[in-house]
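Chain by chain, the residues:
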Amino acid sequence: MRKPFIGGNWKMNTDGKSAVELAKAVAQKCQQLLSKVDVSVCPPFVYLSAVKNALGSSGIGLGAQDVYFEAKGAFTGEISCQMLKDVGCKYVIIGHSERRHVIKETDAIINKKLIAAIDAGLLPIFCVGELLEERKAGKTESVVKEQIQKGMAGITAQKAKAITIAYEPVWAIGTGLNATPQQAQEVHLMIRQLIAVMYNKELAEQIIIQYGGSVKADNAAELAGQPDVDGFLVGGASLKADDFAAIVKAAAEKKK
Ligand code: PGA
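What this report covers is the structure whose coordinates are included nearby. (Residues numbered from 1 in each chain as written. Predicted model: local features only at pLDDT ≥ 70, side-chain atom pairs only at ≥ 80, totals over all residues. Heavy atoms only, no water.)

Our focus in this paragraph is the overall build of the chain. Within the chain, the secondary structure is distributed over twelve helices and eight strands. Computed over C-alpha atoms, the radius of gyration of the chain comes to 17 Å, within 12% of the 18 Å expected from 2.2 N^0.38 for 256 residues, which places it in the range of a compact globule. With respect to the three principal axes, the spread of C-alpha positions in the chain is 45 × 45 × 35 Å. Every one of the 256 residues in the chain was classed for burial, and the buried ones make up 54%. For the chain, contacts bridging at least 24 residues in sequence account for 73% of all contacts bridging at least 6. (Helix = DSSP H or I, 4+ residues; strand = E, 2+ residues; numbered from the N terminus. Rg over C-alpha atoms; globule rule 2.2 N^0.38 Å. Buried < 20%, exposed > 50% of the residue type's maximum accessible area, 1.4 Å probe, protein only. Contact = heavy atoms within 4.5 Å.)

This is how it looks when you write it as structure tokens:
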């Protein structure tokens, strides 16, 4: 049985004070649901330590929004996996669409980051998803497949167990246009079947596949009701503790 997993991706938002306040409020509102779901928050790098302190022993996991694949050295501005471990991170988002499309991160870079993160003992949240033109052109399946095949290239089944996949159609991120539950389910099932082919049935059954893209308190329950939707990666709505807690609750009440 897969335990739903909800991540809050705060992106480049909050400041020192509001990050701590948000973390405390999320911990207080979500703590009692942790027997049914896993929850993490991913603040900007500079607030990771402060948020870790604010989360205390709540059981909410700390995640970073990105990482660099080299272990150390002359990589000005980059952050290593070990540094993330050092400040208490359990998770790291890799290959988010804003990094793919704004920062121009390639599948090859994402692959190196996934490998480095797993080797360091971090749990990656590996994001995939098609652009609107790709969906309109009927290329959703081929785009998502290619992202997964290239992103997970060379990663063994044993190591792939560390990965959560987040299906985030780019056209649904921050736009208010969420995928319909049927659209999400269709792609999630395709991803699970692909994992069975690339690896094995057992991993396909176990792997957590989150949906992301304009998840809100009022659409979370229906999306969570889809058999292959195992939780969410939440952007905008993760910045308000009440909204995020309502989404976490909807995932916790997922019908088995
Ligand atoms: P959104 O972002 O919930 O604001 O659409 C989701 C994400 O980018 O992870």
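This part takes up the pairing of strand 6 (residues 164-167). By the alternation rule, side chains of strand 6 split into Thr-164 and Ala-166 and Ile-165 and Tyr-167, which are all buried. With four bridges joining them, strand 5 (residues 123-128) and strand 6 adopt parallel strand pairing. What sits directly across from Ile-125, in strand 6, is Thr-164. Note: strand 6 against strand 7 (residues 209-212), three bridges, orientation parallel. Each bridged residue has a counterpart across the sheet, and for Tyr-167 the counterpart in strand 7 is Tyr-211. (Pairing = 2+ DSSP bridges.)

Two side chains with opposite charge may pair up if their charged atoms get near one another. In total, this model carries 19 salt bridges according to the counting rule given. Note that Lys-3 is salt-bridged to Asp-38, the shortest N-O span being 3.3 Å. Pair noted here: Lys-3 is in the segment before strand 1 (5-9) and Asp-38 is in strand 2 (residues 38-42), with a separation of 35 residues, a long-range link. Lys-3 gets classed as partly exposed once you look at its relative accessible area, which sits at 31%. (Salt bridge = Lys/Arg side-chain N within 4 Å of Asp/Glu carboxyl O.)

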